[in-house]
Amino acid sequence: MTIAVTAASGKLGSEIIRAVSRLGTHSVIGLARTPAKAEHLGVEIRKGDYNSQDELEESLRSVSTVLLVSGMDEPSKRIEQHRNVIRAAQNVGVRKIVYTSVQGAETGTAFSPIVQSNRQTEQDVLDSGLEWVIGRNGIYIEPDIEYIEAYKKSGGIFNCAGVGKCGYTTRPELAYAYARMLTEDLHNTRTYNLHGEAITQYQLAEYLNSVFGTDLTYTPMTVEEYRQERIAELGEFIGTVIAGIYQGIQEGKADNPSHYYEAAGREHVSWQAYFDSIRLKTFGVKTFGVR
């Protein structure tokens, strides 16, 4: 079986390629809009621009299963881009498609149009006539690690999530689950929420403190306050979308039942174990529980 992973040069796509390759039982290729950016992965890389169905058809020949990583374009454009991948797969005889969707508020937030576009692609996958599996990803926790210096500078975490819990995940954990979903037919016709234990921003601050020796606190903001703060730093579009994500957390839309065990065949990494590994990697010592 030959498995193709789209968006191979991206962080999630490249992690999934590594995870499938580690299984060692299937041939894996990557599709990338700019193949040179994915050559370091050590697998065959073919052209894969979501805007070119013809190019996708050529690159998907001989492929039995394709992993469609959700695109990054604006919602109206990404629906048609995803359809290009689905139609290309249909036309060249791909047997199975696995789609990386998202969790989040489907209405009422600035993030909702993106969630809705993912739901439309989910329906397009179901209507494709191909075998299918859908994963709805939780929110990546890695950006909070990467943002630690900014948190230190500001003295804490400030956003509009309030006491809402967020089902965070990591790219390696997602990649492991997707590798199983791609290679095991028992997952066909299933939709999985993929995330670990849901935690609050207060708990996140405690975990960060346990790793970095900081004394961060969490301070809730209103949605509008946070939106304006994010726009000032990141611009209108991205700032508004991020505020919408955290509004969804506040409304409980990121606190869903997790199906990670069913998808991966093992439990999601615990946050204590994850943050222990971050401290070990960063400082060479383990943590001893959340303060």
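Definitions and limits used
- Residues numbered from 1 in each chain as written.
- Predicted model: local features only at pLDDT ≥ 70, side-chain atom pairs only at ≥ 80, totals over all residues.
- Heavy atoms only, no water.
- Helix = DSSP H or I, 4+ residues; strand = E, 2+ residues; numbered from the N terminus.
- Buried < 20%, exposed > 50% of the residue type's maximum accessible area, 1.4 Å probe, protein only.
- Contact = heavy atoms within 4.5 Å.
- Lys, Arg positive; Asp, Glu negative; His and termini not counted.
- Charge placed at Lys NZ, Arg CZ, Asp CG, Glu CD.
- Expected span 1.5 Å × (residues − 1).
- Core = buried A, V, L, I, M, F, W, Y, C linked by side-chain atoms within 4.5 Å.
- Patch = residues over 30% accessible without salt bridge, like charges linked within 9 Å, V, L, I, M, F, W, Y side chains within 5 Å.
- Areas by Shrake-Rupley, 256 points an atom, 1.4 Å probe, with all protein chains shown as cover.
- Salt bridge = Lys/Arg side-chain N within 4 Å of Asp/Glu carboxyl O.
- Pairing = 2+ DSSP bridges.
- Disulfide = S-S within 2.5 Å.
- Right-handed = clockwise from strand over helix to strand, strands pointing away.
- Axes fitted to C-alpha atoms, helices over the stretch in contact; angles between N-to-C directions.
- Phe/Tyr/Trp six-rings, centres within 6.5 Å; stacked < 30°, edge-to-face > 60°.
- Lys NZ or Arg CZ within 6 Å of the ring centre and 35° of its normal.

What about the overall build of the protein?
Here is step 1 of the chain: When helices and strands are counted, the protein shows 12 helices and 12 strands.
Here is step 2 of the chain: Counting the 291 residues in the protein, one finds 54% classified as buried.
Here is step 3 of the chain: Sequence-distant contacts in the protein: of pairs separated by 6 or more residues, those separated by 24 or more amount to 73%.
Here is step 4 of the chain: Here the protein holds 30 positive side-chain charges and 36 negative ones, and the gap between their average locations is 3 Å.

Some points on helix α7 (residues 171-183)
Owing to its 3.6 residues per turn, the α-helix aligns residues three or four sequence positions apart on the same side.
Here is step 1 of the chain: End to end, α7 covers 18 Å across 13 residues, agreeing with the expected 18 Å (1.5 Å per residue, within 8%).
Here is step 2 of the chain: Counting buried positions over the 13 residues of α7 gives 10, a clear majority of the element.
Here is step 3 of the chain: When α7 is considered as a whole, its buried residues turn out to be Arg 171, Glu 173, Leu 174, Ala 175, Ala 177, Tyr 178, Ala 179, Met 181, Leu 182 and Thr 183.

Thoughts on the nonpolar core
Here is step 1 of the chain: Core analysis: the largest hydrophobic core is formed by 51 residues, its most contacted members being Ile 16, Leu 60, Leu 67, Ile 97, Tyr 178, Met 181 and Leu 194.
Here is step 2 of the chain: At 7 residues, α7 tops the list of elements feeding residues into this core.
Here is step 3 of the chain: Residues contacting Leu 194, with those up to four places away along its chain left out, are Gln 103, Gly 135, Arg 136, Asn 137, Gly 138, Thr 169, Leu 174, Ala 177, Tyr 178, Met 181, Tyr 260 and Ala 263.
Here is step 4 of the chain: In this structure, Tyr 151, Tyr 226, Trp 271 and Phe 275 belong to the second largest nonpolar core, which totals 28 residues.

Observations concerning a nonpolar patch on the surface
Here is step 1 of the chain: Where nonpolar side chains cluster on the molecular surface, the patch consists of Leu 234, Phe 237 and Ile 238 and spans about 270 Å² of accessible area.
Here is step 2 of the chain: Along the chain, Phe 237 falls in helix α10 (residues 236-250).

Focus on the sheet that holds strand β7 (residues 139-140)
Whenever strands of a sheet pair, they do so through backbone hydrogen bonds, lying parallel or antiparallel.
Here is step 1 of the chain: Ordered in space as β7-β9-β11, the 3 strands form an open sheet in which the pairing is mixed. Each edge of the open sheet carries a strand with a single partner, namely β7 and β11 (198-199).
Here is step 2 of the chain: Pairing analysis gives 2 bridges linking strand β9 (residues 166-169) to β11, with the strands arranged antiparallel. From the neighbouring strand, Cys 166 faces β11, where its bridge partner is Ile 199.

Points about helix α1 (residues 11-23)
Here is step 1 of the chain: In a regular helix each residue adds 1.5 Å, so 13 residues correspond to 18 Å; α1 covers 19 Å between its end C-alpha atoms and thus fits that length.
Here is step 2 of the chain: All buried positions along α1 are accounted for by Leu 12, Gly 13, Ser 14, Glu 15, Ile 16, Ile 17, Ala 19 and Val 20.
Here is step 3 of the chain: At the exit of α1 stands Gly 24, carrying a positive phi of roughly 70°.

Side note on the state of the cysteines
Here is step 1 of the chain: This model, assessed by the stated rule, comprises 0 disulfides.
Here is step 2 of the chain: Free cysteine Cys 160: the closest other cysteine sulfur is in Cys 166, separated by 12 Å.
Here is step 3 of the chain: By relative accessible area, which is 0% here, Cys 160 ends up buried.

Things to note about the pairing of strand β1 (residues 2-5)
Here is step 1 of the chain: Across the two faces of β1 the burial is the same, with Thr 2 and Ala 4 and Ile 3 and Val 5 all buried.
Here is step 2 of the chain: Pairing between β1 and strand β2 (residues 27-32): 4 bridges, direction parallel. In the sheet register, Ala 4 faces β2, and the bridge partner there is Ile 29.
Here is step 3 of the chain: One crossover worth recording links β1 to the parallel β2 by way of α1, and it is right-handed.
Here is step 4 of the chain: In the sheet, β1 pairs with strand β4 (residues 65-69) via 3 bridges, with the strands oriented parallel. Pairing of Ile 3 across the sheet is with Thr 65, part of β4.

Brief notes about the sheet that holds strand β5 (residues 96-102)
Here is step 1 of the chain: Read across the sheet, 7 strands follow the order β3-β2-β1-β4-β5-β6-β10 without closing on themselves; strand pairing throughout is parallel. Two strands lie at the open edges of the sheet, namely β3 (44-47) and β10 (190-194), each paired on one side alone. Here the strands of the sheet are splayed against their neighbours by 20° on average, with no regard to which way each runs.
Here is step 2 of the chain: Of the strand pairs in this sheet, β2 and β3 are connected by 4 bridges, and their pairing is parallel.

Quick notes on the packing of aromatic side chains
Here is step 1 of the chain: Counting across every chain of the model gives 7 aromatic pairs.
Here is step 2 of the chain: Centroid distance Tyr 147 to Tyr 151: 5.1 Å. Interplanar angle 80°. Geometry classified as edge-to-face.
Here is step 3 of the chain: Note on Tyr 147: relative accessible area 29%, which makes it partly exposed.
Here is step 4 of the chain: The exposure class of Tyr 151 is buried, given its relative accessible area of 8%.
Here is step 5 of the chain: Put simply, the rings of Tyr 207, Trp 271, Tyr 274 and Phe 275 touch in pairs and so form one group of aromatic residues.
Here is step 6 of the chain: Its guanidinium or amino end placed over the ring of Tyr 140, Arg 171 lies 4.2 Å from that ring's centre, counting from NZ or CZ.
Here is step 7 of the chain: Taking the ring centre of Tyr 176 as reference, the NZ or CZ of Arg 266 above it sits at 4.2 Å.

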